[in-house]
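Chains, contacts and geometry: an overview
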Amino acid sequence: MQIFIEDERLKLILERVEAGVRLSPDDGLALYRTSDLLALGYMANLVRERMHGNTTWFNVNRHINPTDVCVASCRLCAFGKRAKDPKAYTMSLEQVWHTAGVGWTEAVTEFHIVGGLHPELTLDWYCTMLRGLKERFPQVHLKAFTMVEVGYLAQRSKLSAREVLIRLRDAGMDSLPGGGAEVFCDRVRRIICDHKITGEEWIETARTAHELGLHSNCTMLYGHIENEEDRVDHLVKLRELQDRTHGFMTFIPLAFHPDNTPLQHISKTTGFLDIKNISVARLMLDNIPHIKAYWIMMTPKVAQVALRFGADDIDGTVVEEKIYHDAGATTSRSLRRSELLRLIRKAGREPIERDTLYRPVTRSEATFTVLV
Ligand code: V47
């Protein structure tokens, strides 16, 4: 297939993409600055199909947010609350275990567990929570705690991030989600999340997790006050770490949702920017296997289109999403497995259910087997 590209710069990038040559930071900037979304999508789709053919991955998962109490007060966030806020909640251990089992079927392969930086919950509390989940749901993968939560637990327990990761791993944490990375640039972090670990600390914590044999995901929050250079810098830093560790499974671009945050004067992102971020990520992150179009964040309709613009994963059933809904997301809080299958098939892709580590899952009735 041929595509007509007018922009000379993009033509050169296409040659590099076809030859499988790594794109430079300047190429990344050119990709962000073009309005030729079809050219971007064409190139990203080339790479996506080279890596994954027609496959689109999804999983059956449940989100658990044990607390929204958070000491950080990030301006980007509508989820975190002060401990004395009457609307704040913190689950007991029994409530966490109970929530995990609500609507439970053997189909669930992953619990995605993240929460606020609670000033009183201890590392031991989290380890007991993990052990209790493993006892009750031994076959479920526990994808838990952002690098930011690990950093905070290290600070509170006066241990290194490495030691905290080891204790969490030994208690049952199987991998880490990609949240909290935001944008690594200090100037931006000072404004949107000034109480969080720095970008360098996020990278260092991810490096340590990978060294310990734990896989993780990675994210980038866009559509707030960052510029194109900040985005490219963020992607290049992730790519550099991945060259060393190969520990990232998936990159998830996250669109900023401003409602109910101190930054609510910022306009919502557009579908154009959402799709562009998927394509640029696929092209720049040549060493990260998967690019996820998180349907909660981009809506199922835009996520479906993203499957033709570089994305090979649409995330999962989710069940009870809170972080985006507190910030004004209008999508539903969960999708049925059958609806995920329909969305993927209607995009002309072949759905393959996966576990968290991207091993295909086959099902008969309500049971499942993981094919290694
Ligand atoms: O860490 C917080 C971001 C993240 C807002 O690893 C916001 O598979 C937009 O990381 N508007 C949580 N974004 C979500 C996340 C995630 C989601 C799905 C899959 C995976 C994975 C990870 O959402 C936070 C923060 O970066 N966030 N507030 C907001 N107002």
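On a predicted model such as this, the values are computed, not experimentally measured, just so you know.

Side note on the sheet that holds strand E10 (residues 350-353)
- With parallel pairing, three strands are arranged side by side in an open sheet as E9-E1-E10. Edge positions in the sheet fall to strand E9 (313-316) and E10, since each of these pairs with one other strand and no more. The mean angle between the axes of side-by-side strands here comes to 25°, regardless of whether they run parallel or antiparallel.
- Sheet topology note: the strand E1 (residues 55-59)/E10 ladder contains four bridges and is parallel. Following the sheet pairing, Thr 55 is matched in E10 by Glu 350.

Concerning the packing of aromatic side chains
- The tally for this structure, following the rule as stated, stands at seven aromatic pairs.
- Measuring from centroid to centroid gives 5.8 Å for Trp 57 and Tyr 358, while their planes differ by 80°, and the two rings are edge-to-face. Taken together, the residues span a long stretch of sequence, with Trp 57 in strand E1 and Tyr 358 in the loop between E10 and strand E11 (361-364) at a distance of 301 residues. Across this residue pair, the class does not change: Trp 57 and Tyr 358 are buried.
- Ring geometry for Tyr 294 and Tyr 324: centres 6.0 Å apart, planes at 80°, overall edge-to-face.

Remarks on empty space enclosed by the protein
- Taken as a whole and judged by the stated rule, the model has two cavities of 30 Å³ or more.
- Here the lining of the largest cavity takes three residues from helix H6 (residues 147-157), the largest share from any one element.
- A volume near 30 Å³ is recorded for the second largest cavity.
- Considering the residues around the second largest cavity, the lining is formed by Glu 110, Lys 143, Asn 217, Met 249, Thr 250, Lys 292, Arg 354, Thr 356 and Tyr 358.
- Here the residues of the lining of the second largest cavity sort into two nonpolar, three polar and four charged.

Rules used throughout
The residue numbers shown here count from 1 along each chain, following its written sequence. In keeping with the predicted nature of the model, local features appear solely for residues at pLDDT of at least 70, side-chain atom pairs appear and are counted solely at 80 or more, and the whole-chain, interface and lining totals rest on all residues. Side-chain numbers come from the whole structure's heavy atoms, not from hydrogens or water. A pair of strands is treated as paired once DSSP finds two or more bridges between them. For helices the rule is a DSSP run of H or I covering at least 4 residues; for strands it is a run of E covering at least 2, with both sets numbered from the N terminus onward. Throughout, an axis means a line fitted to C-alpha atoms (over the contacting stretch in the case of helices), and angles, computed between N-to-C directions, take values from 0 to 180 degrees. Under the pairing criterion, centres of Phe, Tyr and Trp rings, with the six-membered ring standing for Trp, must be within 6.5 Å; the plane angle then separates stacked pairs below 30 degrees from edge-to-face pairs above 60, leaving the rest tilted. Burial status follows relative accessibility: with a 1.4 Å probe on protein chains alone, a residue under 20% of its type maximum counts as buried, one over 50% as exposed, and anything between as partly exposed. Space inside and on the surface of the protein is sampled on a 1 Å grid over the protein atoms alone, with a cavity defined as a set of points where a 1.4 Å probe fits but cannot get out and a pocket as an open set with protein on both sides within 12 Å along at least 5 of 7 lines; lining residues have an atom within 4 Å of a point. Grid points are joined across faces, edges and corners, and a volume is the space filled by probe spheres set on the points. Here the nonpolar group is Ala, Val, Leu, Ile, Met, Phe, Trp, Tyr, Cys and Pro; Asp, Glu, Lys and Arg are the charged ones; every other residue, Gly included, is treated as polar.

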